[in-house]
Amino acid sequence: MRKIFRIVVLIAALGAASPHGAAQSPELIKQAAAANGGVVIVRDALFESLHQAMAQAFNAEYKKHGLSVRIERVQSGQQLNLYEQELRAGKVSNDIMDLVDPGTFLGLNNQGKFTPHCSPHYKDYPEWAIGKNCGYFYYVAYYQYLTYNTDSVKGGDIPRSWNDLLDPKWKGKVSLPDPRIGGGHYYFVFTMMKLFGPQWFEKMRANEPLLVSSHGTVNSQMMSGERLVGVNISVLSRRDGKFPGGKGAPVGESFPKEGVTLLAGGMAVTKNGPNTAGGKVFIEWASSLAGQKAIARLGHLSLRKDYTSDAGDDLSKIKYNWWDPDEMLKQREPWTKEALKLLGSG
């Protein structure tokens, strides 16, 4: 009954937000153009290539209305700390927050630290992709999966299971995201705990993995051959590897039989930012089909029901794990500490 009630409330809110379907409110756009010189400030923890694509597409569409977007890259932990400080000071300096951390978004939304806004396009997404009371939505997703150096790892040696990384032949050759970093790194910890329990980390310790500060480092090590197998994300492997539009480097992707982890980036309008109306315009654009076609490229995925990516990915045909944000939030601290201890880094 509670789930049904939530669906009814969400549908009603979406209808109220846009009585004319997907058309944007001219008044909202006018308000956005009049605030902060018409500039919308976005803080995003993802990659410059994505930022460039979003800024170019948004500015081309809204320049005629006197609107533009400025996107700043700020890592998840740093961005969260800054936002909390600015909220306490009563002077928030950005209009949009983007993080790859569902648990954090859930917590901030539950505390009323976002400005709710129901985009008329939310009807085109699965219910779980929209935060309670339209506090946020998952504007982008990508795979976290196995990776390897394609020059040195071939045929039967290509890892096909998360457990293949535990094989003694990979001792000193495994690269993993450091659990201390948070964000997408915590997804990795949570996935291993859910699928295999703490013993996975205990066994991994014997293989002397290198814990690195970013997936970008994992990706670079795969390309250079410094490490031969590890945990990567589709955004990087497809950007640099032998994929359509990629750079042709020797980095490969492998979908583990237990399922890839689907990482999702949340987007929300901040509380009392310099251009709240602009934040709402931006989130409506980002959730639209046109916005998603600008975003879901080179390893980035859309969660819309009618579009997934420029590479033709189809989530209905891929085994993936989508974890409950409530449980992720609850287990963050204890599971991160346990993983680090078992890996010998706690």
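Notes on the structure in this doc start here.

What counts, and at which threshold
- Residues numbered from 1 in each chain as written.
- Predicted model: local features only at pLDDT ≥ 70, side-chain atom pairs only at ≥ 80, totals over all residues.
- Heavy atoms only, no water.
- Disulfide = S-S within 2.5 Å.
- Helix = DSSP H or I, 4+ residues; strand = E, 2+ residues; numbered from the N terminus.
- Phe/Tyr/Trp six-rings, centres within 6.5 Å; stacked < 30°, edge-to-face > 60°.
- Buried < 20%, exposed > 50% of the residue type's maximum accessible area, 1.4 Å probe, protein only.
- Arc of directions from axis to C-beta.
- Bend = angle between axes of the 7 residues up to and from the residue.
- Contact = heavy atoms within 4.5 Å.
- Salt bridge = Lys/Arg side-chain N within 4 Å of Asp/Glu carboxyl O.
- Pairing = 2+ DSSP bridges.
- Polar contact = N/O pair within 3.5 Å; in protein donor to acceptor, adjacent residues only side chain to side chain.
- Core = buried A, V, L, I, M, F, W, Y, C linked by side-chain atoms within 4.5 Å.

Next up on the list: the state of the cysteines. Taken as a whole, this structure holds one disulfide when the rule is applied. In this model Cys-118 forms its disulfide with Cys-134; the gap between the sulfur atoms is 2.0 Å. On the sign convention where negative is left-handed, the bridge of Cys-118 and Cys-134, at about 95 degrees about the S-S bond, is right-handed. One end of the pair, Cys-118, is in the loop between β4 (114-115) and β5 (137-149); the other, Cys-134, is in the loop between β4 and β5, with 16 residues separating them in the sequence.

Another point: the packing of aromatic side chains. Applying the stated criterion to the full structure yields 21 aromatic pairs. On the basis of an interplanar angle of 35 degrees and a centroid distance of 6.0 Å, the ring pair of Tyr-143 and Tyr-145 is categorised as tilted. The buried category is assigned to Tyr-143, whose relative accessible area is 0%. Ring centres 5.3 Å apart and planes at 80 degrees place the aromatic pair Trp-200 and Phe-201 in the edge-to-face group.

On to helix α8 (residues 215-224), then. For α8, the complete set of buried residues consists of His-215, Val-218, Asn-219, Gln-221 and Met-222. In an axial view of α8, the angular spread of the buried residues amounts to 160 degrees, which keeps them on one side of the axis. Phi for Gly-225, located one or two positions after α8, is positive at around 85 degrees.

One non-glycine residue, Cys-134, adopts positive backbone phi at about 60 degrees. A positive phi angle, near 45 degrees, is found at Leu-298, a position not held by glycine. Within the secondary structure layout, Leu-298 lies in the loop between α11 (289-295) and β11 (320-321).

We now examine helix α12 (residues 325-343). Where α12 bends most, the angle comes to about 55 degrees, and this point is Arg-332, followed within four residues by the proline Pro-334. Buried within α12 are the following residues: Pro-325, Met-328, Gln-331, Trp-335, Thr-336, Ala-339, Leu-340 and Leu-343. Buried positions along α12 lie against α5 (102-110), β5, α6 (184-196), α7 (199-205) and β7 (210-212). Gly-344 sits one or two positions beyond α12 and adopts a positive phi of about 85 degrees.

Attention now goes to the pattern of salt bridges. Per the stated rule, a full pass over the model turns up 17 salt bridges. Of the charged contacts in the structure, one is a salt bridge between Lys-247 and Asp-240, with a shortest N-O distance of 3.7 Å. Because the salt bridges share partners, they merge into one network encompassing Arg-43, Arg-70, Glu-72 and Glu-86.

Burial along strand β6 (residues 174-177) is two-sided: the residues Val-174 and Leu-176 and Ser-175 and Pro-177 are all buried. Pairing analysis gives two bridges linking β6 to strand β8 (residues 229-233), with the strands arranged parallel. Within β8, the position partnered with Ser-175 by the bridge is Gly-230. By the bridge criterion, three bridges tie β6 to β7 in an arrangement that is parallel. Bridged to Pro-177 within β7 is Val-212.

Another aspect to go through is the side chain of Asn-275. Of note, Asn-275 is situated in the loop between β10 (260-270) and α10 (276-287). Take Asn-275: its relative accessible area is 1%, and that puts it in the buried class. There is a polar contact of 3.1 Å between the side chain of Asn-275 and the backbone oxygen of Ala-35. Separated by 3.3 Å, the side chain of Asn-275 and the backbone oxygen of Val-39 make a polar contact. Once residues lying within four places of it in the same chain are set aside, the contact partners of Asn-275 are Ala-32, Ala-35, Asn-36, Gly-38, Val-39, Val-40 and Asp-95.

Moving on, we come to the nonpolar core. Ranked by internal contacts, the top residues of the largest apolar core, which has 93 residues, are Phe-137, Tyr-139, Trp-200, Phe-201 and Phe-282. No other element matches the 10 residues that β5 contributes to this core. Excluding residues within four positions of it along the chain, Phe-201 makes contact with Phe-188, Val-189, Met-192, Met-193, Ala-339, Leu-342 and Leu-343.

Turning our eyes to something else, we now look at the environment of Arg-180. Tracing the backbone through its elements, the reader meets Arg-180 in the loop between β6 and α6. Here Arg-180 falls in the partly exposed class, since its relative accessible area comes to 49%. In sequence terms Arg-180 and Leu-166 are 14 residues apart; their C-alpha atoms lie 21 Å from each other. Each residue touching Arg-180, except ones within four places of it in the same chain, is listed here: Leu-211, Leu-340 and Ser-345.

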